[in-house]
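Remarks on the overall topology
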Number of protein chains: 2
Amino acid sequence: MSSVAPQPLLLDAARLAGLLDRIAARIGAAHVVTDAGDLAPRLVEGRGLFHGAAPAMLEPSSTEEVAFILAQCFEAGVPVVPQGGNTGLVGGQVPFGALLLSLRRMSCIRDLDPVDLTVVAEAGCTLHQVQQAAAEAGCLFPLSIASEGTCQIGGNLSTNAGGTAVLRYGNMRELTFGLEVVLPDGSVWNGLSRLRKDNTGYDLKDLFIGAEGTLGIITAAVLRLYPAPRARATALTGLPDPEAALALFRRLRDVAGDALTGFEILPRFGMETVLKHIPGTPRALSGDHAWYVLAELTSTRRDDDLSALALDVFGAAFEAGEIEDAVIAASEAQADALWKLREALSDAQKFEGGSIKHDVSVPVSRVPQFIAEASRRCAQHLPGLRVCAFGHMGDGNIHFNLSQPVGMDKAAYLALWEDFNRIVHDLVASLGGSISAEHGIGLLKREELTLYKDPVALRLMAALKAAIDPRGIANPGKVLLGP
Amino acid sequence: MSSVAPQPLLLDAARLAGLLDRIAARIGAAHVVTDAGDLAPRLVEGRGLFHGAAPAMLEPSSTEEVAFILAQCFEAGVPVVPQGGNTGLVGGQVPFGALLLSLRRMSCIRDLDPVDLTVVAEAGCTLHQVQQAAAEAGCLFPLSIASEGTCQIGGNLSTNAGGTAVLRYGNMRELTFGLEVVLPDGSVWNGLSRLRKDNTGYDLKDLFIGAEGTLGIITAAVLRLYPAPRARATALTGLPDPEAALALFRRLRDVAGDALTGFEILPRFGMETVLKHIPGTPRALSGDHAWYVLAELTSTRRDDDLSALALDVFGAAFEAGEIEDAVIAASEAQADALWKLREALSDAQKFEGGSIKHDVSVPVSRVPQFIAEASRRCAQHLPGLRVCAFGHMGDGNIHFNLSQPVGMDKAAYLALWEDFNRIVHDLVASLGGSISAEHGIGLLKREELTLYKDPVALRLMAALKAAIDPRGIANPGKVLLGP
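Residues numbered from 1 in each chain as written. Chains lettered and ligands numbered in written order. Predicted model: local features only at pLDDT ≥ 70, side-chain atom pairs only at ≥ 80, totals over all residues. Heavy atoms only, no water.

**A word on the packing of helix α1 (residues 13–27) of chain B against helix α3 (residues 63–76) of chain B**
Residue and element names in this part refer to chain B. So the rule is basically this: Axis definition: a line fitted to C-alpha atoms, limited for helices to the stretch in contact. Angles are taken between N-to-C directions and run from 0 to 180 degrees. A helix here means a DSSP run of H or I that spans at least four residues, while a strand means a run of E at least two residues long, and both kinds are numbered starting from the N terminus. For classification purposes, an angle smaller than 35 degrees is called roughly parallel, one larger than 145 roughly antiparallel, one from 65 to 115 roughly perpendicular, and anything else oblique. Crossing handedness follows the turn of the near helix against the far one: under a right angle anticlockwise gives a left-handed crossing, and clockwise gives a right-handed one. For this analysis, residues touch if any pair of their heavy atoms sits within 4.5 Å. Each residue gets one of three labels, nonpolar for Ala, Val, Leu, Ile, Met, Phe, Trp, Tyr, Cys and Pro, charged for Asp, Glu, Lys and Arg, and polar for the others, Gly among them.
Packing of α1 against α3 brings their axes to within 10 Å, and their N-to-C directions diverge by 165°. The pairing of α1 with α3 is recorded here as roughly antiparallel in orientation. The chirality of how α1 crosses α3 is right-handed. In contact with R15, L19, R22, I23, R26 and I27 of α1, α3 contributes E64, E65, F68, I69, Q72, C73 and A76. Here the contact of α1 with α3 is built from residues that sort into seven nonpolar, one polar and five charged.

What follows is the structure, encoded as structure tokens:
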């Protein structure tokens, strides 16, 4: 896959040295990192798909320092790649000769208001840090993803992160009231609004959210908190197929409404992989099932008997033949153990050899059709392939991951990446779906995007990029192909 | 106020005639309306603040026809002003020599899916039509505003409409999954996505929502439905002041969580005005109170006893001295009657002479401070002024309307419009608020916007306008000052 990475930039050494000197004079020489050993871990992303290069990593400590850096780079025509926790899955954070900009020193919680239910966090805060600050104030910051201990708010915003609670609370976009952004020319847009309603001109905030750093550098955000739930019911069910899972989803939504917070699906192969490779994971259901659904209900009402509600629904679903078995967690510890079965799946898959991944979405009603047809087509292309289709079924977002046949050469398997992309993404497109539901485009899916995105949309995107970043210094070559 | 309207455009008569002939050949001569009598009602907005002019009104029946019109106008450099139900409150829909584009013939519900909870509606559908289609399918389209029988989806989208259920369901923006837009050059962006998650490039949808037709013409949208509520509790309470209302809001939110769907405040003057002028409105509380709150709880759970929940909260609030009296509707008819007290307020105010209106928002926690201080400053500026501060307190959105002193000359009063704008908007800005919470900018607030909006944001907006509408033909002179 590294073949899709761009050629590293060649910068004029003398001009670069002058630029770095000016930046060092402003932010401190210790925060212009050029040591190869220090840089190395920041130049590769987690899956090793892209190996980048950067002459230096800059570590500003304030919005003003970021603005200074951007103004200098704009003047010099030197590109900048922002990087948060380096947990992105599509290579958006990898520099190819550009200066690397780390926001890690900007990690202040500037404000938290439990009446307005807002928190103002700097881009370098980890997601976990924001979750903790909210919890300490008796509130909930609902974004929850596997990398939450490492990933940073700036990255969450730039990739419009999703996760396991989108069904109820939305993506990062829906959890953001306002932004502070340093534009490519170094000017600072102060959009740190805490307002629920503000119709004063174009919606700038949502342009930067999900732009993967290609339109500017997000330095801080006003994020939306929720009252902390006081009741919770977590259940694991065994089912015959995704059609049955869709029927269960409709039953739960119909009865529980907003209380339905999570609805995750995983196949037998996924469950067995977790139980085999991840220590301390319990076999929660005694029988063997083709599919599993992990469902969670939450409520802010303390005396809400969500377990009774879930039991009623499961009883009806059992009678209708939609589920084969179910268990409801009797304690917080049991609930956490059930979640571990789901959350450990990405890690567990690594033990099963090469994995070709797709992060796709389709309308919720078409998930069963997508899983069945995509599985059939892929297995036909490579007998012995092990399909692991799992994820956020309630949002129509399936991680359609393909583990290599047992015993096959890993490199030979990974060479089929584009074959499988074509099979899966063609189907997704025909079902009105998206080839990137929550991970973004980065480097990995730039070419794919040109195949499936509406051409007028691509043209609009290029026009917006040119208007906001006329010198092309903000994370160049990411999302969009071309200059 | 009509002094802020731009000079009408002067178009070359021969070129204009040729353009209209080509358009008539495509969409039918009957749909190129030039009769002055037919045009007249479309050239004035509801409050009579702006009197426009247009050589013709075009009534296309399809996206392709809209695209043809835009391509022709782009070529000829002739501007176009889209108009929905002509219920906008800031003059955005009024043409000044431009061609008027009515979407009323595009009023199809293209699709409704109760599993995916989506409806695909054309721009000319009335809001009521979409609400009805949803209800017939057992679903809810939650946007609710006073003009819902007349206003159209295209206008709701272009102004990011709000209303009385934003607290629970969000503005029009949060209720939209996808758009179809004809760009100023006549190309069509097909963004009719039904996906809950789609991270494939810049968020284009939200750029057009709230842009008031200045970036292109929205022709259709995928809107978000919700399961229809099955339980409802509507209550009216009497309170001493907005501080008490904020305390009640926190109590209700704490106990009811998401079930709290609406939280509206109105002052004694507003309540008395409604009771005096609107036939059939009942005095729901026997006593006399300085302030009133209309609160609504809803739930999709059929057996949810929301009245009991509300009673518990009101009991505690009464003991704490936060409320003086409360009544909970015992029937749907009673609930509707309580809502009428709130919804009739804008109409009722017309009987009290000149009204200078402000549609502002501040963080929810600052609403009491805003109301107290703004009322004090305005009354100081004009003794006898009657302040009517009412609206969506749960969103921080207050309609701060000022009725003229009894007996004052109306024109002399309205001449003070800018004085009061300055007083109110200066305070709003100092509290981190917005000078247009839900009505938009249009013509009415263009100059105000330049005073209060972040200059970098204004510059970004101008750059986006130039990038998407390089010839400046899409609703020119609205939102932004200048070419």
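**A closer look at the domain arrangement of chain A**
Residues and elements named next belong to chain A. Heads up, the rule is: An automatic or database domain assignment supplies the residue ranges for each domain. Two parts placed together each lose some accessible area under a 1.4 Å probe, and adding up what both lose gives the buried area. Polar contacts here mean pairs of N or O atoms no more than 3.5 Å apart (in protein, one a potential hydrogen donor and the other a potential acceptor; neighbouring residues in sequence count only if both atoms are side-chain atoms).
As assigned here, chain A comprises domain 1 (13–104 + 464–468), domain 2 (109–227), domain 3 (231–346) and domain 4 (353–439). Counting from both sides, the interface comprises six residues of domain 2 and, opposite them, ten residues of domain 3. Considering only the surface of domain 2 that becomes buried against domain 3, T164, L167 and R168 emerge as the three largest contributors, covering 74% of it. At the junction of domain 2 and domain 3, the tally comes to zero residue pairs in polar contact (both at pLDDT 80 or more). Considering every element that reaches the side of domain 2 that touches domain 3, the biggest residue donor is helix α6 (residues 166–169), with three residues. Class assignment of the residues belonging to the side of domain 2 that touches domain 3 gives a composition of four nonpolar, one polar and one charged.

**A few points about helix α8 (residues 242–256) of chain A**
Residue and element names in this part refer to chain A. How we decide: The span you would expect from a helix comes to 1.5 Å times its residue count less one. Only protein chains enter the area calculation, which uses a 1.4 Å probe; residues under 20% of their type maximum are buried, those over 50% are exposed, and those in between are partly exposed.
With 15 residues, α8 extends 20 Å between its outermost C-alpha atoms, agreeing within 8% with the 21 Å of an ideal straight helix rising 1.5 Å per residue. By the burial criterion, the buried members of α8 are P242, A244, A245, L246, L248, F249, L252, R253 and A256. Looking one or two residues past α8, G257 carries a phi angle of roughly 55°, positive in sign.

**Here we look at α3 of chain B**
Residues and elements named next belong to chain B. End to end, α3 covers 20 Å across 14 residues, agreeing with the expected 20 Å (1.5 Å per residue, within 8%). Looking only at α3, the buried set comprises T63, E65, V66, A67, I69, L70, Q72, C73 and A76. Phi turns positive, to about 70°, at G77, one or two residues after α3.

**Remarks on the relation of the copies chain B and chain A**
Inclusion rule: Alignment of copies: least-squares fit on C-alpha atoms of residues with pLDDT of at least 70 in both copies.
With an RMSD of 0.0 Å, the fit of chain B onto chain A corresponds to turning through 180° and sliding 0.0 Å along the axis. When the rotation and shift are considered jointly, the pair of chain copies conforms to a two-fold rotation axis. When the interface residues of chain B are mapped onto chain A, 99% of them are again interface residues, pointing to one common binding face.

**Here we look at the environment of V387 of chain B**
Residue and element names in this part refer to chain B. Position of V387 among the secondary structure elements: in strand β18 (residues 386–392). Sequence separation of V387 and L449 is 62 residues, and the distance between their C-alpha atoms is 24 Å. Contacts of V387, omitting those with residues within four sequence positions, involve P267, F269, S375, F400, N401 and L402.

**Section: the pattern of salt bridges**
Applicable threshold: Only one rule defines a salt bridge in this text: a Lys or Arg side-chain nitrogen within 4 Å of an Asp or Glu carboxyl oxygen.
In total, this model carries 54 salt bridges over all chains according to the counting rule given. One salt bridge in this structure joins D206 of chain A and R173 of chain A, with 3.1 Å as the shortest N-O distance. Placement of D206 of chain A in helix α7 (residues 205–208) and of R173 of chain A in the loop between α6 and β8 (176–182) is noted, with a sequence separation of 33 residues between them. Here D288 of chain B ties to R268 of chain B by a salt bridge, and the two come within 3.1 Å at their closest N and O atoms. Residue D288 of chain B is found in the loop between α9 (268–277) and β14 (291–299), and its partner R268 of chain B is found in helix α9; the two are separated by 20 residues along the sequence. Look at R268 of chain B and you get partly exposed, because its relative accessible area is 35%. In this structure, a network of salt bridges that share partners links the residues R173, K205 and D206 of chain A together with D203 of chain B.

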